[in-house]
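# A look at the structure
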Amino acid sequence: MVSALFGAMESGLIYAIMALGVYLTFRILDFPDLTVDGSFVTGGAVTSVMIVSGISPVLATIAGGAAGFLAGCVTGLLHTKGKINSLLAGILMMIALYSINLRIMGRPNIPLLNETTALNQGRSLWDAMQLDSIISSPLKAIGLSSFLPTSFFILVSIGIVVIIVKKALDWFLHTDNGLALRATGDNAKMVKSFSANTSNYVIFGLGLSNALVAFSGSLIVQYNGFADVGLGIGMIIVGLASVIIGEGIFGKKSIARTTLAVVLGAIVYRVILAVAMQLEFVKASDLKLITAIIVTGALVLPNMWSSWRERSERMKKQKAMQQSLDEERRNEVATAQTD
Amino acid sequence: MKLLQLKQIEKVFYQGTPDEKKAIQGLSLTLNEGDFVTVIGSNGAGKSTLLNMVAGVLFPDEGMISIDDKNVTFVPEHKRAKWIGRVFQDPMAGTAPNMSIEENLALALGRTNKRGLRRGVSSNRKKEFQQTLTDLNVGLANRLHTKVGLLSGGERQALSLLMATFTEPRLLLLDEHTAALDPARAEHITNITQDVIRENNLTTLMVTHDMEQALQMGNRLVMMDEGQIIFEANEEEKRQMSVQDLVEKFQQIRGKALADDKTLLHK
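Residues numbered from 1 in each chain as written. Chains lettered and ligands numbered in written order. Predicted model: local features only at pLDDT ≥ 70, side-chain atom pairs only at ≥ 80, totals over all residues. Heavy atoms only, no water.

Before going further, it helps to spend a moment on the overall build of chain A. In terms of helices and strands, chain A carries 13 helices and two strands. A globule of 339 residues ought to have a C-alpha radius of gyration of about 20 Å, yet chain A, at 25 Å, is considerably larger. Principal-axis analysis of the C-alpha atoms gives chain A an extent of 105 × 65 × 40 Å. Counting over 339 residues, chain A shows a buried share of 47%. Here the analysis covers contacts within chain A between residues at least 6 apart in sequence; of these, 76% occur between residues at least 24 apart. In chain A, the 26 positive side-chain charges and the 21 negative ones have mean positions that sit 5 Å from each other. (Helix = DSSP H or I, 4+ residues; strand = E, 2+ residues; numbered from the N terminus. Rg over C-alpha atoms; globule rule 2.2 N^0.38 Å. Buried < 20%, exposed > 50% of the residue type's maximum accessible area, 1.4 Å probe, protein only. Contact = heavy atoms within 4.5 Å. Lys, Arg positive; Asp, Glu negative; His and termini not counted. Charge placed at Lys NZ, Arg CZ, Asp CG, Glu CD.)

Residue and element names in this part refer to chain A. Relative to the helices and strands, Thr117 is located in the loop between β1 (109–111) and α5 (118–128). Under the relative-accessibility criterion, Thr117 is labelled buried at 2%. Sequence-distant contacts of Thr117, that is, excluding residues within four places in its chain, are made with Ile51, Pro57, Leu112 and Gln222.

The next point concerns the domain arrangement of chain A. All names here are of chain A. With domains assigned, chain A is organised as domain 1 (1–114 + 147–278) and domain 2 (286–338). Distance from the C-alpha centre of domain 1 to the C-alpha centre of domain 2: 41 Å. Of the residues lining the interface, eleven residues belong to domain 1; the matching set on domain 2 comes to eight residues. Summed over both partners, the interface of domain 1 with domain 2 buries about 860 Å², with 87% contributed by carbon and sulfur atoms. It is Ile244, Leu273 and Met277 in domain 1 that bury the most area against domain 2; as a group they hold 41% of the surface buried on that side. Linking domain 1 to domain 2 there are zero salt bridges. Summed over the shared surface of domain 1 and domain 2, the result is two residue pairs in polar contact (both at pLDDT 80 or more). Elements that contribute at least two residues to the side of domain 1 that touches domain 2 include exactly α11 (235–250) and α12 (255–278). In terms of residue class, the side of domain 1 that touches domain 2 is made up of eleven nonpolar, no polar and no charged. (Domains from an automatic or database assignment. Buried area = accessible area lost by both parts, 1.4 Å probe. Salt bridge = Lys/Arg side-chain N within 4 Å of Asp/Glu carboxyl O. Polar contact = N/O pair within 3.5 Å; in protein donor to acceptor, adjacent residues only side chain to side chain. Nonpolar A, V, L, I, M, F, W, Y, C, P; charged D, E, K, R; others polar.)

Bringing the packing of aromatic side chains into the picture now. If you walk through the whole model with that rule in mind, you get nine aromatic pairs over all chains. Here B:Phe59 and B:Phe74 contribute two aromatic rings whose centre-to-centre distance is 5.5 Å and whose plane-to-plane angle is 80°, an arrangement assigned as edge-to-face. Of this pair, B:Phe59 sits in the loop between α1 (47–55) and β4 (62–67) while B:Phe74 is found in the loop between β5 (70–71) and α2 (77–80), placing the two residues 15 residues apart along the sequence. We classify B:Phe59 as partly exposed; its relative accessible area is 33%. Assessed through its relative accessible area of 54%, B:Phe74 is described here as exposed. Taken together through their ring pairs, the aromatic side chains of A:Phe69, A:Phe172 and A:Phe204 make up a single cluster. (Phe/Tyr/Trp six-rings, centres within 6.5 Å; stacked < 30°, edge-to-face > 60°.)

Turning next to the nonpolar core. Counting 118 residues, the largest nonpolar core has A:Met18, B:Ile101 and B:Leu133 as the members making the most contacts within it. With 13 residues, helix α1 (residues 2–28) of chain A is the largest single contributor of residues to this core. Both domain 1 (1–114 + 147–278) and domain 2 (286–338) of chain A contribute no fewer than three residues apiece to this core. Among all residues touching B:Leu133, those that are not within four sequence positions of it are B:Ile101, B:Leu105, B:Val138, B:Leu140, B:Ala141, B:Leu144 and B:Leu162. (Core = buried A, V, L, I, M, F, W, Y, C linked by side-chain atoms within 4.5 Å.)

All names here are of chain B. Counting buried positions over the five residues of strand β7 (residues 171–175) gives five, a clear majority of the element. Alternating residues of β7 divide into Leu171, Leu173 and Asp175 and Leu172 and Leu174, and every residue in both groups is buried. Judged from the four bridges that link them, strand β6 (residues 84–87) and β7 form a sheet pairing that is parallel. The partner of Ile84 across the bridge, within β7, is Leu171. (Pairing = 2+ DSSP bridges.)

Rendered as structure tokens:
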């Protein structure tokens with residue numbers, strides 16, 4: 001159970017980068033981009049092929065992100081220049097990428113277990129510095145030794161990467177270009193009247209979003225130790241779940257707050273999933289169904305909760321009013337009798 | 001000096017279909033630097049089409065549009081925006097509702113400055129924004145962080161006007177920008193508009209439904225019908241006219257035009 005929770009937090013952090021990408025299109029650009037299902041795998045495919053052919057894994061990871069950027073730009077071009085509806089443009093690109101990913105990989109599955117990945121490289125550096133024992137010793141001292149994972153490397157290193165990505169995104173969205181990008185999703189007509197080429201912002205925004213998604217896919221492949229062409233199925237739903245759960249629990253007051261909420265949402269989502277998978281009657285093949293149920297719950301429950309509260313509030317006021325009316329009537333009857 | 005020139009503009013919608021509509025027919029209009037022209041006309045007269053063509057939202061079928069003697073007939077909207085400030089009829093249209101007042105103002109600065117990776121709302125800019133809003137005196141100066149979606153229609157229109165003008169455009173286009181407001185707010189915005197235009201000496205083209213407003217504001221008046229300019233009044237003529245005169249003028253011209261058509265048919 002403990003190891004499952006740690007695993008969920010680790011993969012949650014990696015998926016958080018993907019969720020930030022989905023946030024960028026879904027919320028900032030108001031563009032429901034389904035390219036994600038394809039570009040997630042594209043990132044992993046490019047990275048794994050490059051690692052297998054002996055190229056530096058760090059370079060391979062960067063290349064994975066860059067491939068996602070291109071894929072996103074193509075979706076943007078289909079939508080802005082080709083005038084294709086946003087949902088359809090994403091679906092077209094998702095389908096096209098399925099074949100392209102197979103072409104890149106050459107086969108449906110590439111194992112990376114015996115290869116040196118960026119994560120392996122970091123891990124050996126981490127072990128050499130004996131950082132695990134430094135982190136564990138105070139925790140062991142307070143009697144938590146049975147709750148400790150074998151290594152904190154992924155949590156710390158990916159955690160740092162996620163913080164950097166989040167901070168960079170926060171920064172960009174407050175620059176002059178970032179403001180124009182946000183306004184493009186908010187009121188495109190108005191941005192045009194202020195000298196902004198909205199098409200370019202849509203294309204760039206989709207590129208940036210899919211670069212993050214592919215970067216996340218590239219890290220997941222290295223984390224899992226294999227690349228699979230079916231890895232991206234339902235990825236957009238996972239991303240949306242993270243955004244919706246995060247915003248629901250942690251709020252969306254400002255950009256910085258929302259990006260933090262999205263990151264935490266991705267982790268919460270993985271933890272819920274891990275807990276569900278611990279149940280005895282749940283099989284590994286139920287994963288997608290559980291995903292759908294979690295997302296449905298995240299969408300429906302907050303609304304139901306607020307309308308239920310509103311109704312109970314209303315009922316309470318009605319009851320109080322009824323009571324005071326009854327009181328009045330009783331008083332009237334009483335005065336009538338004394339007369 | 002000639003600032004805006006429209007020469008022999010033609011625009012037809014749905015050409016070749018039963019719904020064909022000649023929106024603009026051979027329209028020519030020149031605005032000199034500092035001119036403030038009000039445009040009136042009934043629904044479908046082509047006022048908005050005219051404004052959209054000057055802004056680059058629509059391209060004419062024939063004719064030429066130039067700003068400062070540059071031919072801009074087919075220059076796309078976002079490039080032409082460098083010289084043009086616009087305020088729309090719908091208070092929702094001119095601002096980004098999910099962004100704060102200061103972010104909207106920073107965005108408006110990008111109309112003339114090339115956008116880069118500098119912080120949009122820097123502390124220097126923030127001080128400037130505060131000062132400009134204080135000068136505008138609409139009670140927004142201490143609400144820089146407020147999301148624009150939370151403002152009232154009148155406040156939004158005041159902000160839109162500020163965003164369109166504080167970067168001193170060559171030409172200001174106002175598209176019935178007070179029509180969606182209640183009378184008191186409309187008058188308030190009208191006053192602000194006049195102040196802003198006078199202070200910055202902005203060349204302005206304003207479309208309005210309100211004939212009273214069209215007579216009060218500006219130094220020239222243009223009356224449109226069926227895609228043509230049917231009557232023009234200069235400052236002197238305008239001052240001596242009442243709304244009643246305008247209505248009579250309109251009926252007189254339209255009546256005559258109809259009579260002309262009849263005589264043509266008889267031949």
